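Understanding the architecture of this molecule
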Amino acid sequence: MPALETTGIGFPGAAQVLRLTRTRTRTDRKTGTRTRETVYAVTSLPTTDAGPEQIAQWLRGHWSIENRLHWVRDVTYDEDRSQIHTGHAPQVMASLGNTAISLLRLAGHTNIAAACRHHARDSNRPVELLLTS
C-alpha cells in the first residue's frame, strides 16, 4: 500500500479535517448560560468511507464513552489528583478503578458514586459484588 501524502495541515495521511461547533446550556440552570465549544477532528478516511453521518455517529459514541467511564474516573474517583505517580502503580490503580466500575455496572448500578457509597457502608457488600459478578 503506498504511503499517503501529507495534505499540508501537519498530519501526514489526513484525508478529512472537520470542525464541530456545539452550543449547549451549562449545568447552572439558574443563569441558563449557553456555552459554545469548537472541536476539530482529523481522519485518514476519505469521504467515501466516512461521510458526515458516520463521523457524527463516531463523535456521539466517543461522548458515551466519555460520560460512562472517563467522567466517573475524573469526578467520582478524582483520578486527576492522585498522589500515585511512580512505577506501574498508576496503571494498576486505573485497572482497579475500571474493574470496580465494570463490576458495579454489571450489577445494574447506573450511578457509580451512589453505588460506591452503598458498598462503603457495609464491608460485606464489596465482597458479595466480587463473588457474584
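Residues numbered from 1 in each chain as written. Predicted model: local features only at pLDDT ≥ 70, side-chain atom pairs only at ≥ 80, totals over all residues. Heavy atoms only, no water.

**Considering the packing of helix α1 (residues 52-76) against helix α2 (residues 89-106)**
- At their nearest, the axes of α1 and α2 sit 11 Å apart, and the two run at 125° to each other. By the angle class used here, α1 and α2 are oblique. As for how α1 packs across α2, the hand of that crossing is right-handed. Taken together, the residues of α2 that come into contact with α1 (itself represented by Arg68, Leu69, Val72 and Arg73) are Ala94, Asn98, Ile101 and Arg105.
- For the contact of α1 with α2, a count of residues per class yields 4 nonpolar, 1 polar and 3 charged. (Axes fitted to C-alpha atoms, helices over the stretch in contact; angles between N-to-C directions. Helix = DSSP H or I, 4+ residues; strand = E, 2+ residues; numbered from the N terminus. Parallel < 35°, antiparallel > 145°, perpendicular 65-115°, else oblique. Left-handed = near helix turned anticlockwise from the far one by under 90°. Contact = heavy atoms within 4.5 Å. Nonpolar A, V, L, I, M, F, W, Y, C, P; charged D, E, K, R; others polar.)

**Overview of the nonpolar core**
- Core analysis: the largest hydrophobic core is formed by 7 residues, namely Val72, Ile101, Leu103, Leu104, Ile112, Ala115 and Leu129.
- Contributing elements (two or more residues each) for this core: α2 and α3 (112-120).
- Sort the elements by how many residues they give to this core and α2 lands first, with 3 residues.
- Discounting chain neighbours no more than four positions away, the residues touching Leu103 are Leu129, Leu130 and Ser133. (Core = buried A, V, L, I, M, F, W, Y, C linked by side-chain atoms within 4.5 Å. Buried < 20%, exposed > 50% of the residue type's maximum accessible area, 1.4 Å probe, protein only.)

**Considerations on the pattern of salt bridges**
- For the coordinates displayed, the defined rule picks out 3 salt bridges.
- Its salt-bridge partner being Arg22, residue Glu37 comes within 3.4 Å of it at the nearest N-O pair. You can see Glu37 sitting in strand β2 (residues 34-43) and its partner Arg22 sitting in strand β1 (residues 16-25), a full 15 residues away along the chain.
- Relative accessible area serves as the criterion here: at 24%, Glu37 is assigned to the partly exposed category.
- Here Arg73 makes a salt bridge to Glu79, at a shortest N to O gap of 3.1 Å.
- Accessibility expressed as a relative area gives 17% for Arg73, which makes it buried.
- Of the residues examined, Glu79 reaches a relative accessible area of 26% and is grouped as partly exposed. (Salt bridge = Lys/Arg side-chain N within 4 Å of Asp/Glu carboxyl O.)

**Points about α3**
- Those residues of α3 lying buried are Ile112, Ala115 and His119. The arc that holds the buried residues of α3, viewed along the axis, is 55°, so those residues lie on one side.
- Lining the buried residues of α3 we find α1, α2 and α4 (124-132).
- You can read the cap of α3 off the contacts: a side-chain oxygen lies 3.1 Å from the backbone nitrogen of Ala113, and it is on Asn111. (Arc of directions from axis to C-beta. Polar contact = N/O pair within 3.5 Å; in protein donor to acceptor, adjacent residues only side chain to side chain.)

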